[in-house]
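# A closer look at the structure
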Amino acid sequence: MKIKFEKKSTKPSKVSIFLSSLISILIALVFLGFIILSLGDDPFEAYWQLVSWAMGTVPGLIQSLVSMMPLLFTSLGVLIAFKMKLWNIGAEGQFQMGAFAATWGALYLFPNIHNPWVMIPLLMILGAAFGAFWGFLPGIMRAYLGVNEILSTLMLNYVAIYWVNYLTYGPWKGPGSYNFPITAKFPQSAILPQYGSGGLNFGIIISIIMAFFVLYLVKYTKFGFHLEIAGDNLRAGEYAGVNVKKLIILAMVIGGAISGIGGMAEMSGVLFRLQPNFSPGYGYTAVIIAWLARLDPIATIVVSFFFGVLLVGSQQLQLFMQIPSSLINAFNGILLFSLLASEVFMRYRIKVVRS
Amino acid sequence: MKKYLFLILLTLIGLYVFAAPLKVAFIYVGPVGDDGWTYAQNLGRLYVQNYFGDKIQTTYIESVPTANAVNVLKQLALNGYNVIYTTSFSYMDQTAEVAKLFPNVIFENCSGYLTGPNMAVYFGRIEEAEYLTGLIAGSMTKTDKIGYVAAFPTPEVIRGINAFALGVQSVNPKATVQVVWVNDWYNPPNEKEAALSLISAGCDVIKSETDSPAPLQAAESKGVYCIGYNTDQSSYAPKTFLTASVFNWGTYYKDDIQAILDGKWKTHNFWGGLDSGVVGLAPMSNLVPPQVQNLVNAMENAIKTHSFNPFSGPIYDQSGKLMIPAGQSLSDQDLLSMNWFVKGVIGSISK
């Protein structure tokens, strides 16, 4: 007996795509429930804790939005490359490089700029440039040398993380940090406008504007059109006159720039200082978010918010039920797994053949 | 009639307020299962929960990244927690920032220095216990090389290393203390590597200061003596464990929470030594010869009764410069900002 996968001739409908995403979330939630049950806790109370604070209260909602921001930037960053089936796993590194560049600018490059209207755009450009550079490297290696971008982007993440570690443990260690690896605080001019004391900041608005910009880019420009063609079939794209090499580099550079701006916004909007492990792996969660949103920039806003809620809710789980927050990592893993499985079921017909 | 209703209502509210348990939260820098710093803190939490019973309700959140501390603190304050202990220096700034937003909540930071009307700090003079462990290490070494696995070069850690080295030298002037920085509080693989590298460099006593028992396990596997930190970790190295300098946080939390329940809490900067019971020595193993045990007990008594201070001169720094002249000792202010090693310590403080 053999199991055979046959490719379906028709593409999956929008409704079935939406349903499969929903079912994937449900499967992951059920798995999560069983894990919680095995820990001796009530899964329904856990579901309630996961959302009641993060979505049902004003401070919780604000926290969820603050957590959404870095996720949204990095998801948009990977989404562009994913459109042409280019597997950019490097959002984490691009995000870190953006944060590094913003810190460099705020603390060392422009100490004499006291006007936020000059400082903030400069930092944003700097963050975008370094994020873009971190996308450009794997892009050019893929385009001209055929280096697998999954490996190169993944490896470059570590380079960026260790670069940040080196700076914060070494030359950038701030005064008054008592030898802790943390830089000095950003000057007031390098801080994005804050609304209230809950952490609500202008970076969140930038991230949403960015989603609409990406929508415009992929839907209404020639670049987006080319991405679509190359994503369907690379060779067909070449025949149709798309410069695939240029397109690969461009997709990586633009994606990197968006993730880099995300790093800048996290520094200038939320944390105000660079330190090791400042990201709990936003750039990796971004891969799951982009998939769950089926590479739709507007859906990405909704899904990023959902994951922001999960991050805040997992703290609540820990505080009130003493459930380890690493459970959310397990949830993310199961979710990606069921998403990929649903993809197979939608695109392939599975036949059992008797031999 | 209305008046009475109002009075009854007020009494009911009063009853509810007084009957509601005090909600106490602890923020931990590592996992409770680290069997080190956070484990010791959690023992303190369990101790007060048990001691006060229904009068308090405690919770904790473990492995909180510094970047997330503000969020967690706000979440706790908004969820009705009355007292929040942040148990690492790395949360001090964030605690002070959130304390300003919630004047009715009591915040306390362990090992920090910033205080406010509703924010206190507390710590133990672990260096007093470290001096005692130094006496043991200095007596037990044969190669005259002792290895010290340390986390970050913060003043707290530097004080501990210096006191340890002073203890070592008072019984064995030739011995040196070699320091390796792990640059993490809790990182078992790196802690283990640090211990192994010290052992291969000829050290025959390993002193750990980081949060996990990994350095002790490494020492045990190589048949080398070891001395722990935070809690009695003898079960991790039953054959070579000598003792450990330990924190007994429960004694502090008990007094502090009692003061809060009695309405007598005031902001403070608590820094208790061996005399307060917040720091101490784990039981010494049979490997430590009786005459050394007697010496340690005598010195412990001398420190408790303030007739001896480990940081009394003459004390020289690594370059041989006289830092504390004879007849003088360091002030608390000097101790809190200590950023130099005493003579006999091999290692550097990156500045």
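Since the structure is predicted, the reported quantities are computational estimates derived from the model, not experimental observations.

### A look at the confidence of the model for chain B
Per-residue confidence for chain B averages 90 on the pLDDT scale, and 95% of its residues sit at or above 70. In the predicted complex, the global pTM is 0.83; the interface-specific ipTM is 0.71.

### Some thoughts on the interface of chain A and chain B
Of the residues lining the interface, 16 residues belong to chain A; the matching set on chain B comes to 19 residues. Put simply, the parts of the chain that give the side of chain A that touches chain B at least two residues each are helix H3 (58-83) and helix H12 (297-321) of chain A. Residue contributions to the side of chain A that touches chain B peak at 4 residues, all from H12 of chain A. Its residues placed into classes, the side of chain A that touches chain B shows 9 nonpolar, 7 polar and no charged.

### Considerations on the packing of helix H3 (residues 69-78) of chain B against helix H4 (residues 92-101) of chain B
Residues and elements named next belong to chain B. Two elements in contact, H3 and H4, have axes whose closest approach is 9 Å; the angle formed by their N-to-C orientations is 40 degrees. Our pair here, H3 against H4, has a crossing hand that is right-handed. Across the interface between the two elements, Ala 69, Val 70, Leu 73, Lys 74 and Ala 77 of H3 pack against Gln 94, Thr 95, Glu 97 and Val 98 of H4. Split by residue class, the contact of H3 with H4 holds 5 nonpolar, 2 polar and 2 charged.

### Topic: the sheet that holds strand E1 (residues 22-27) of chain B
Residue and element names in this part refer to chain B. Across the sheet, which stays open at both edges, the 6 strands sit in the order E2-E1-E3-E4-E5-E11 with parallel pairing between neighbours. In the strand order of this sheet, the two ends are held by strand E2 (56-61) and strand E11 (269-272), each with one partner. Strand-to-strand twist of the sheet, defined as the mean angle between neighbouring strand axes without regard to direction, takes the value 20 degrees. Sheet topology note: the strand E3 (residues 83-86)/strand E4 (residues 106-110) ladder contains 4 bridges and is parallel. Bridge pairing in E4 links Tyr 85 to Glu 108. Relative to E2, helix H2 (residues 37-52) is tilted by about 165 degrees, and along the sheet it contacts E1 and E2.

### Regarding the pairing of strand E6 (residues 145-150) of chain B
Residue and element names in this part refer to chain B. Taken across its 6 residues, E6 has 5 buried, putting it largely inside the fold. With 6 bridges connecting them, E6 and strand E7 (residues 176-181) associate as parallel partners. Bridge pairing in E7 links Val 149 to Val 180. For the handedness criterion, the β-α-β arrangement of E6, helix H6 (residues 155-171) and E7 is classed as right-handed.

### Brief notes about H4 of chain B
Of all the residues in H4 of chain B, the buried ones are Met 92, Asp 93, Gln 94, Thr 95, Val 98 and Ala 99 of chain B. Elements in contact with the buried residues of H4 of chain B: H3, E3, E4 and strand E5 (119-124) of chain B.

### Some thoughts on the nonpolar core
Ranked by size, the top nonpolar core spans 111 residues in total, and within it Ile 27, Ile 84, Ala 150, Ile 161, Ile 206, Ala 219 and Cys 226 of chain B carry the most contacts. Looking at which domains feed residues into this core, each of domain 1 (14-125 + 249-276) and domain 2 (128-246 + 280-346) of chain B supplies at least three. If near-sequence neighbours (up to four positions away) are discounted, Ile 27 of chain B is found in contact with Ile 61, Val 64, Ala 69, Val 72, Ile 84, Tyr 85, Thr 86, Thr 87 and Tyr 91 of chain B. Judged by nonpolar contacts, the second largest core, of 99 residues, contains Met 69, Leu 71, Leu 123 and Val 214 of chain A.

Conventions and cut-offs
Within any chain, residue numbers begin from 1 and follow the written order of that chain's sequence. Written order decides the labels, with chains lettered from A and ligands numbered from 1. In keeping with the model being predicted, local features are shown solely for residues with a pLDDT of at least 70 and side-chain atom pairs are shown and tallied solely at 80 or more, while totals for entire chains, interfaces and linings include all residues. Within a predicted model, pLDDT stands for the predictor's per-residue confidence, ranging from 0 to 100. The contact criterion used here is simple: two residues whose C-beta atoms, placed from the backbone, lie within 7 Å are in contact. For the purposes of this entry, the term helix denotes a DSSP run of H or I that reaches at least four residues, the term strand denotes a run of E that reaches at least two, and both are numbered from the N terminus. Ten residues, namely Ala, Val, Leu, Ile, Met, Phe, Trp, Tyr, Cys and Pro, are considered nonpolar, four, namely Asp, Glu, Lys and Arg, are considered charged, and the remaining ones, Gly among them, are considered polar. To define axes, lines are fitted to C-alpha atoms, for helices over the stretch in contact only, and angles between the resulting N-to-C directions are given on a 0 to 180 degree scale. Crossings are assigned a handedness: left-handed for a near helix turned anticlockwise from the far helix by less than a right angle, right-handed for a clockwise turn. A strand pair is defined by DSSP finding two or more bridges across the two strands. Each residue is classed by its C-beta neighbour count within 10 Å, where at least 20 other C-beta atoms makes it buried, 12 or fewer makes it exposed, and intermediate counts make it partly exposed; the C-beta atoms are placed from backbone geometry. Note on handedness: a clockwise path from strand one over the helix to strand two, with the strands aimed away from the viewer, defines a right-handed crossover. By our criterion, buried Ala, Val, Leu, Ile, Met, Phe, Trp, Tyr and Cys residues that link up through C-beta atoms within 7 Å make up a nonpolar core. Where each domain starts and ends comes from a domain assignment, either automatic or drawn from a database.

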